[in-house]
Structure formats: structure tokens, C-alpha cells
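Notes for the structure review
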Amino acid sequence: MPYSSFQKILYVEDDAALGRLLQKRMARSGLDVDVVLTAEAAIEKLAAHAYDILLVDHILPGMSGLEFLDVALRDENTPPIILLTAGGDERVAIAALEKGAADYAVKDVNQAYIELLPAIMQAAFTKSRLQRENEQQHKELMLAKEKAEAANQAKSTFLTTMSHEMRTPLNVVIGLAHLLSKTPRSAKETEMIRTLITNADLLLRLINDLLDISKIEAQQMHLEPAPFELDDLIHDLHAMFRSQAEQKQLDFAIQNNTSDLVISGDRMRIQQILVNLISNAIKFTPQGKVEAIINAAPPANGKVDLTITVHDTGIGIPADKREDIFDKFTQADETITRRYGGSGLGLAIAKLLAVKMGGDIVLQSVEGQGSTFTFNVSLPAAQQITKAQKSPAIESRDNNQSKTVLVVEDYAPNMMVARLMLEDMGFEVKTAENGRKAIEWVEEQNSAFTAILMDVQMEGMDGYETTRKIRELEKQKPGRNFIIGVTAHALAGDRDRCLSAGMDEYISKPIHPDILSQKLFKLTG
């Protein structure tokens, strides 16, 4: 029977008569056999010709069959080798297999093994071919994995860059709009500015949603838990939405029944869930009230069961649409999108984040009467955060010093917005367009600044390195600067990176003036 899968065989055998016999027998099966008398000759033959199978006698003049295995198998392209032994010495056979031989055969006196060799060679050849194919597939899979990881990294870098690039000009637009809203204007101009703020906020939320859904689908959304006070989060939420609710003449309240509760979780992502729920409630409530109620069961087994309910008296959701409301790019109906705007991503992202935390969001709604969204999650209880942990700068501050804030920012329009905001709050403002200039200001000052707004991403020395150098300088000077990291990325982990670099607080662009004011006046009283 011919063996079409392999044809060419090299037989290493010092018995020339036995070599000719095997040639004749293999020819009956359509196999072509070359015979050499020594292992050294076989090595030369392999260098000049291609073979499908090697048959190697164990006992040879000069280099033995086992020694030949060591030399030949250094080349990964060497074909499968079958070692032929006399006397059935199993120790030789085992040694051959351990060195990498494909198989072995015992040369019996009656030469019956010659009849078995085609089948043995077929099995060895097939096994070798499958191994090589598997190795090739593994290499291809590893290459594909590396390419996929590189693509994911490129996507992550792109998302980070886009977050920064889009938030930076939005910071200017939103910041100037808020400042303009505080200056005396006609009723028409006031309405125009209010409309500008509303639409800029909507654009910011849309950008955030698109970036987040991309990260979730790319499996690049990671939770970064850390201890935080729920009170601080609630104050930020109230500052974000108070004016928006007032513009629509809605009663807006956040009822916190968890005073001084400290939990361990991803503060930014929990805030993001609540921002989506509250903003939706305000958007879809033409009149009446929007209320958020926070409750927590007493800690048990180191966990706190947190329940946050957002209730509104808005338009409600039809019964047949409630199951779809958390789907991506879905709203109750097309008229909702045309009338109220939005991407249909906010609730989908909130639900995905809640589930990722091990929690859930449940909806109850009556069409025409309002909706209630309940966010449930169980999070580890954390130790009370001390005043020193919150702000080491407060402890060492000279209360008689002037209220001066240093703004470190390399983008001139953002520097202007921050300066105008701070001056409107009654602060004296110094500016530094890079980290080097910020360090010079700190060196020149006889006392610490009230605060330093430190842009994180700057050319040359970034905000992290600048902060570390300032902390080194403070070891030789009285007082300690309260440093607030300012970033346009707003990514998970930004706050931890800021704190690790020595910053005391963190705020993301666009800077909300009420939140900035809240953080600063907590320092100055």
C-alpha cells in the first residue's frame, strides 16, 4: 500500500545488507529509502537533502543513535526520528523518547519489524505533522493575541486622548458661560447664556457616554475601589444639579440617611450612576419634584447594603417600554429623542456599572405620573476618614495668610477661566504656565498658598512630577500647600494617581464652579 503522506526516508544503518533489504521492502509500499552507514554521514545528508522520516540504528560506528538524536534535534526542522534497537532494551527506548525521538522499533531476528515499519512511520509522521500544525496555530494565536492587545492599548490611548482633547475646550465654554451668567445681563442675554450652559452640559454628558460605552465594549472599564465618605459625594451631586433644577422650577432635594458613612468603592463610578439617574429625572420632569434618598443598613460581616432611590414626578415610562429602557441606544420612543435629546446610553451605562459592582438598578414607573429608579449595591465598610487623612494641608495652614490660589495650567484659555472663577470667589490668583514656573512660585513664597490648582497633563514636567517636587521643597519651608489635581481625562484611577503623587484633592474638567467653590471654602471657612 503506498503512503502518500510521506515518501522520502533516510536510513542510518552500518549493516549494508540490512540496508538494501529494507530498501526493497519499503519500495513495495512506494517509499524511497536512502541508506548511509554512519551518523556523521547522515548529518551531511540532512544538510543537502530533505527527508520525511529518519530511521536510525542505535548501535553505529562513531556517534551512536542516541548521540545522533542530540545533534540532529537541535534543528527544529529535522524530520521525525525513529530509533531502531536490538534486543528490546527498554532503557534505550525510553532514553530515545526523552531526547525527542518520535518512536522506536525493536529489530527482531526474523525481521518481522520491517513489515511493521510503514505503519510506525505513518503514525510518527502524522504525529509530527499535527504537532507542527499545532505549534504554528499557537504562534498565530499568540500573534493575534498580541495584535489584539496592541489594538486595545491603542484604543485605550485614543480614548484617553479624546477625553482630554474634547474636555479641554468644553472646560472653557462651560466655565465662561457660568461666569457670564453671574454678570448683569438683559433677560434675553440671560436666557441665551442659560441655553448655552444647558447644551454644553448635554454635549459633555454625550461625550462621556460615548467614551464609556466604548471602554465597556472593549472590556477596558475597571473598577478602582477606595474608601470615601458618602457625604462628600452627596455635596458634589447637589452642587451639580441645584441650578439646573432651579431653572426648571423643580423642587430638588437629596435626603441622606447615612450621616458620616464611609464605604470602600469606586467613587467616580458610583457618582456616574447617580449623575445619570438624577440628570434623567430632571430632564424628563416638566414640573414637580426630583428627590434622591440614600439609605444604608447597619454594617454586617464587613459589608454595607446601600440603597439609593431617585424619584421624579415626570412623564413616566410606558409599561411596554420598561424592559428596554436599559438597552444601549434605546429610549422609550423616537419622540423622546426628538423632544428631550440624549444618546440613549446613560441608563445602559448606569446599569452595566451597577452590575459590575455586584448590584443592580430597578425601575418602577407610572406613565404620566413619574418614575423611581432604585440602585442597590453591597460594598465593604471602611474606617472613618480622619481630618488629617482628608486634608493634611488644613492642619498646618496659617489662618492669617492671604487667600491666594496658584493656577498651574499650560493652556491659556483654561488658565483664564480658572483665574476668573477664583477672582469671582474672592481669591487672589497667581498663575504658572508650566511645572517649572510653579516650583519657582513656591520657592519665592514665604508661606503656603491657600491652594494650588495643578493641571495634571502638561508638556515637559507634568502635574504629578511638579507636585512631588513641591512636596520636597516643603520639607525646607513653613506650611504645606493644598494641591488639587485638575485633569481632563476623568478616568478611573485618576484620583488615586493624584493622591499617590502627593495631591490632596482631585477635580475633573470641565470645572464646575460650585464644586470648586465647595472644595476651596471647606479650607478657608
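Note: the structure precedes this text.
This one's a predicted model, so the numbers in the text were calculated from it and none came from an experiment.

Thresholds applied
Residues numbered from 1 in each chain as written. Predicted model: local features only at pLDDT ≥ 70, side-chain atom pairs only at ≥ 80, totals over all residues. Heavy atoms only, no water. Phe/Tyr/Trp six-rings, centres within 6.5 Å; stacked < 30°, edge-to-face > 60°. Helix = DSSP H or I, 4+ residues; strand = E, 2+ residues; numbered from the N terminus. Buried < 20%, exposed > 50% of the residue type's maximum accessible area, 1.4 Å probe, protein only. Expected span 1.5 Å × (residues − 1). Arc of directions from axis to C-beta. Salt bridge = Lys/Arg side-chain N within 4 Å of Asp/Glu carboxyl O. Pairing = 2+ DSSP bridges. Axes fitted to C-alpha atoms, helices over the stretch in contact; angles between N-to-C directions. Contact = heavy atoms within 4.5 Å.

Looking at the packing of aromatic side chains
As enumerated under the stated definition, the model contains 3 aromatic pairs in all. An angle of 40 degrees between the planes, with centres 5.5 Å apart, marks the rings of Phe6 and Phe125 as tilted. Residue Phe6 is found in the segment before β1 (8-12), and its partner Phe125 is found in helix α5 (residues 113-181); the two are separated by 119 residues along the sequence. This pair shows no difference in class: Phe6 is buried, exactly as Phe125 is. Geometrically, the ring pair formed by Phe241 and Phe252 is edge-to-face, given 6.5 Å between the ring centres and 65 degrees between the ring planes.

Brief notes about helix α13 (residues 412-424)
A rise of 1.5 Å per residue sets the reference length of α13, with its 13 residues, at 18 Å; its end C-alpha atoms lie 18 Å apart and thus fit the reference within 8%. Among all positions in α13, only Asn414, Met415, Val417, Ala418, Met421 and Leu422 are buried. Angular distribution of buried residues about the axis of α13 spans 165 degrees; they occupy a single face of the element. Looking one or two residues beyond α13, the residue adopting positive phi is Gly426, at roughly 95 degrees.

Thoughts on unusual backbone geometry
Residue Pro510 is bonded to the preceding Lys509 through a cis peptide linkage, with omega at -5 degrees. Within the secondary structure, Pro510 sits in the loop between β17 (505-508) and α17 (513-524). Non-glycine residue Gln249 carries a positive phi angle of around 55 degrees. As for its placement among the helices and strands, Gln249 is situated in the loop between α7 (230-247) and β7 (251-256).

Description of the pattern of salt bridges
If you walk through the whole model with that rule in mind, you get 22 salt bridges. Between Lys8 and Asp34 there is a salt bridge whose closest N-O contact spans 3.5 Å. With Lys8 in strand β1 and Asp34 in strand β2 (residues 32-36), the pair connects residues that are 26 residues apart, well separated along the chain. One connected set of salt bridges, linked through shared partners, spans Arg471, Glu474, Arg480 and Asp504.

Notes on the pairing of strand β15 (residues 451-455)
Counting buried positions over the 5 residues of β15 gives 5, a clear majority of the element. Burial along β15 is two-sided: Ala451, Leu453 and Asp455 facing one way and Ile452 and Met454 facing the other are all buried. Sheet analysis places strand β13 (residues 404-408) next to β15, joined by 4 bridges and oriented parallel. Each residue of the ladder has a partner; that of Val405, found in β15, is Ala451. Bridging between β15 and strand β16 (residues 483-487) involves 4 bridges; their strand directions are parallel. Each residue of the ladder has a partner; that of Ile452, found in β16, is Ile483.

Digging into the sheet that holds β17
Spatial strand order, β14-β13-β15-β16-β17: 5 strands in an open sheet with parallel pairing. The open sheet has two edge strands, β14 (428-432) and β17, and neither has a second partner. Direction aside, neighbouring strands of the sheet carry axes that sit 20 degrees apart on average. On top of the sheet, α13 reaches β13, β14 and β15; it is set at about 165 degrees to β14, its chief contact. Along the sheet, helix α14 (residues 435-444) makes contact with β13, β14 and β15, crossing β14 at roughly 135 degrees.

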